Amino acid sequence: MKQFNCLIIDDEPIARKGIEDYCNEISSLNVVALCKNVLQANHYLEKNQIDLIFLDINMPIVSGIDWLKGLKNSPSVIMTTAYEDYALESFSYNVLDYLVKPISFERFLQAVNKVYKYYPNSAENEVLFLRSEKQLKKININDILFVEAMQNYIKVITLEETIITNMTLKSFKEQLPENNFIQTHKSYVVSKYKVNKIIENQIIINDYQIPISVRLRKKVLDSFDNM
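Asks: Can you walk me through the overall build of the chain in this structure?
Replies: For the chain, the helix and strand inventory stands at seven helices and 15 strands. If you line up the chain on its principal axes, its C-alpha atoms span 65 × 30 × 30 Å. When the 227 residues of the chain are sorted by exposure, 48% land in the buried category. For the chain, contacts bridging at least 24 residues in sequence account for 49% of all contacts bridging at least 6. Surface summary for the chain: the accessible area is close to 12,300 Å², and the carbon and sulfur share equals 45%. For the chain, the distance from the average site of its 26 positive side-chain charges to the average site of its 28 negative ones is 3 Å.

This is the structure:
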């Protein structure tokens, strides 16, 4: 898998260390520098190749937003801030995600998974990282059969195993390729290319039977007609 060289920019030492520790949990993230302001970051970017920046907003000298406005040929950026107010403006500069402190590891993982989606050729197969049973598990998106929601948890059923992780179905669906997956019910998202057949209001994938809701039935059937 491709290694992403990461730059962390934050004026708070504890915040820098927290993001660095999270990155160190993920084998594909390589932290190459920690900067306490954007002037240090500018100096580093002049001489080094960076793939991903974790950027705070409220910093001395120049704010993260103002720096981002003038940054040309920017690497991918994930905002890490204590302020919610700048989210809309940040996305206008094509940031991949906007994380509000305190940042949980699960939310951090969601943001990192968007990096893999943004760089579809970064791995032989697109992958996602999920926290499950106090472990960090890497799964190939192509191996997913379907996903089932259980309140604030989801079950990800793959060719080899079932993984339970603390995430909403909506958040997980946003990390999947839109053309490959379809929501069939408020509690289910399926891989279209793993479907064996459709019988009335059920989708059959191997030995699994997944319901199709009345509300989503037409959309589901149309999606298969357009494959």
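Asks: I'm lost on helix α7 (residues 217–225) in this one. Help?
Replies: One full turn of an α-helix is made of 3.6 residues, so residues set three or four places apart face in the same direction. Those residues of α7 that sit buried are V220, S223 and F224. Axial view of α7: buried residues confined to an arc of 95°, hence all on one face. Facing away from the buried side of α7, by more than 90 degrees, are the exposed residues K218, K219 and D225. Close packing links the buried residues of α7 with β11 (181–185), β13 (197–199) and β14 (202–205).

Asks: So what exactly am I meant to see when it comes to helix α1 (residues 13–24) here?
Replies: Between the first and last C-alpha of α1 there are 16 Å, a value that for twelve residues agrees with the 16 Å anticipated at 1.5 Å per step. Among all positions of α1, only A15, R16, I19 and C23 are buried. For α1, the angular spread of buried residues about the axis comes to 100°, placing them on one side. Facing away from the buried side of α1 by more than 90 degrees, the exposed set consists of P13, I14 and N24. Those residues of α1 that are buried lie in contact with β1 (4–9), β2 (29–35), β3 (52–55), β4 (76–81) and α5 (105–118).

Asks: Is there a simple way to think about the nonpolar core in this case?
Replies: As a rule of thumb, nonpolar side chains are buried together in soluble globular proteins. Within the largest apolar cluster, 23 residues are counted, with the highest numbers of intra-cluster contacts made by I26, L29, F54, I78 and F108. Contributing elements (two or more residues each) for this core: β1, α1, β2, β3, α5 and β6 (127–132). Looking at this core element by element, the count peaks at seven residues for α5. Those residues within four positions of I26 in sequence are excluded, and the remaining contacts are F105, F108, L109, V112, Y116, F129 and L136. Of all hydrophobic cores here, the second largest spans 20 residues; its members include A33, I57, M59 and W67.

Asks: How should the sheet that holds strand β12 (residues 188–191) be read in this particular structure?
Replies: By definition, the strands of a sheet pair up through backbone hydrogen bonds, in either a parallel or an antiparallel sense. What the five strands build is an open sheet, ordered β10-β9-β8-β12-β11; its pairing is antiparallel. The open sheet has two free edges, formed respectively by β10 (162–165) and β11, since each of these has just one partner strand. Recorded for the sheet is a direction-independent mean angle of 20° between the axes of neighbouring strands. The sheet contact formed by strand β9 (residues 153–158) and β10 spans four bridges and is antiparallel. Paired with I154 across the two strands is T165, which belongs to β10.

Asks: What should I look at first to understand the side chain of S76 in this one?
Replies: Its place among the elements puts S76 in strand β4. Among residues more than four places away in sequence, those in contact with S76 are D51, L52, I53, L96, Y118 and Y119.

Parameters at a glance
- Residues numbered from 1 in each chain as written.
- Predicted model: local features only at pLDDT ≥ 70, side-chain atom pairs only at ≥ 80, totals over all residues.
- Heavy atoms only, no water.
- Helix = DSSP H or I, 4+ residues; strand = E, 2+ residues; numbered from the N terminus.
- Buried < 20%, exposed > 50% of the residue type's maximum accessible area, 1.4 Å probe, protein only.
- Contact = heavy atoms within 4.5 Å.
- Areas by Shrake-Rupley, 256 points an atom, 1.4 Å probe, with all protein chains shown as cover.
- Lys, Arg positive; Asp, Glu negative; His and termini not counted.
- Charge placed at Lys NZ, Arg CZ, Asp CG, Glu CD.
- Arc of directions from axis to C-beta.
- Expected span 1.5 Å × (residues − 1).
- Core = buried A, V, L, I, M, F, W, Y, C linked by side-chain atoms within 4.5 Å.
- Pairing = 2+ DSSP bridges.
- Axes fitted to C-alpha atoms, helices over the stretch in contact; angles between N-to-C directions.

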